[in-house]
Amino acid sequence: MRSLTRSGVEMDAGGEGMTIPADFNPALTMKQSAKIHGVSPTAIFKWRKKLGYVARDDLWTDDDIRRLKSLYSGSSLNDIAAALGRSVSAVKSKAVSLGLRRATGQFAPDRAPKISGRVQGVADMAAQHLRRDAPTFRCDANGKANPKGKFWRFGNITLTEDDMLAKAERKGWSADAWREIA
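All of the points below concern the structure found in this document. Everything numeric here is computed off the predicted structure, so don't read it as measured data. Within any chain, residue numbers begin from 1 and follow the written order of that chain's sequence. In keeping with the model being predicted, local features are shown solely for residues with a pLDDT of at least 70 and side-chain atom pairs are shown and tallied solely at 80 or more, while totals for entire chains, interfaces and linings include all residues. Side-chain descriptors were evaluated using all non-hydrogen atoms of the structure, hydrogens and water having been removed beforehand.

Before going further, it helps to examine the overall build of the protein chain. Secondary structure counts use DSSP, requiring at least four H or I residues in a row for a helix and at least two E residues in a row for a strand, with both numbered from the N terminus. Looking only at helices and strands, the protein chain has eight helices and five strands in total. Along the chain direction, N to C, the helices and strands of the protein chain fall in the order β-β-α-α-α-α-α-α-β-β-β-α-α. Remark: exposure states derive from per-residue accessible area (1.4 Å probe, protein chains only) relative to the maximum for the residue type, with buried under 20%, exposed over 50%, and partly exposed in between. Here the protein chain, with 182 residues, has 28% of them falling under the buried criterion. Across the protein chain, every contact between residues at least 6 apart in sequence was considered, and the portion connecting residues at least 24 apart equals 36%. The method behind every accessible area is Shrake-Rupley, applied with a 1.4 Å probe, and residues are considered shielded solely by the protein chains displayed. Summed over its atoms, the accessible surface of the protein chain is roughly 12,700 Å², and 52% of this surface lies on carbon and sulfur atoms. Contacts are assigned to residue pairs with any non-hydrogen atoms lying within 4.5 Å of each other.

Now the structure itself:
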């Protein structure tokens, strides 16, 4: 079977026994076209090829590449795709071809610091201040390391929480230092 295309050229569907419909729009995405015409995306690909259609939405301008490079490390792929008006797979593909890598670890711009163990409280912050002078960590009454312990070990000394806070204040730490900044 043969039919006329928009350009007036007679075409068949590339050996599939189907003609290219007169209302075929090669500018639509392959999934949209496949759904409209009830064929597979492969058939749409063949139709586009027969018509000599070159998709322009896959071409990246210098401005698009610059924006991709600036957004790639700090934003999610969905946000980047929305900002550039492209699919997530297109963003990934272009980033790989450009050799871009996502920031990880301490270099990731939008990641909060990781706090292991307990939630940071006043005692934990005071202990952090004391760690510049000697190892400081939670322990039990016998001085053995215990992340849920009620005591603190500063060097070789086992201290209660109040004693540890007092020692930190003597060494220059202030629980209200944030008020001086604000």
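What follows picks up the thread again.
With antiparallel pairing, three strands are arranged side by side in an open sheet as β3-β4-β5. With one partner strand each, in any of the chains shown, β3 (136-139) and β5 (157-159) form the two edges of the open sheet. Across the sheet, the mean angle from the axis of one strand to that of its neighbour is 30°, orientation sign disregarded. Every axis corresponds to a line fitted to the C-alpha atoms, with the helix fit spanning only the stretch in contact, and the corresponding angles, defined between N-to-C directions, vary from 0 to 180 degrees. The sheet strands contacting helix α6 (residues 122-130) are β3 and β4 (151-154), and the helix crosses β4 at an angle near 10°. Here helix α7 (residues 161-170) sits on the sheet and contacts β4 and β5; the angle it forms with β5, its principal contact strand, is near 110°. A pair of strands counts as paired when DSSP detects no fewer than two bridges linking them.

A separate point is the packing of α6 against α7. Where α6 contacts α7, the axes come no closer than 9 Å and their chain directions differ by 50°. Comparing their axes, α7 and α6 come out oblique. When you trace α6 past α7, the crossing you get is left-handed. Taking contact as the criterion, the partners of Val122, Ala123, Ala126, Ala127, His129 and Leu130 in α6 are, on α7, Glu161, Met164, Leu165, Lys167 and Ala168. Each angle gets one of four labels, with under 35 degrees taken as roughly parallel, over 145 as roughly antiparallel, 65 to 115 as roughly perpendicular, and the rest as oblique. Crossings are classed by handedness, with left-handed meaning an anticlockwise turn of the near helix from the far one by less than a right angle and right-handed meaning a clockwise turn.

Once that is clear, we can look at the pattern of salt bridges. Criterion for a salt bridge: a side-chain nitrogen of Lys or Arg within 4 Å of a carboxyl oxygen of Asp or Glu. Enumeration over the complete set of coordinates arrives at four salt bridges. Between Asp64 and Arg86 there is a salt bridge, with the nearest N and O atoms lying 2.9 Å from each other. Here the residue Asp64 occupies a position in helix α3 (residues 62-72), and Arg86 occupies one in the loop between α4 (77-84) and α5 (88-98), the gap between them amounting to 22 residues. Here Asp124 makes a salt bridge to Arg138, at a shortest N to O gap of 3.6 Å. Of this pair, Asp124 sits in helix α6 while Arg138 sits in strand β3; the two residues are 14 residues apart in sequence, bridging distant segments of the chain. For Arg138, a relative accessible area of 12% corresponds to the buried category.

Read these as layout, nothing more, since geometry by itself doesn't imply function.
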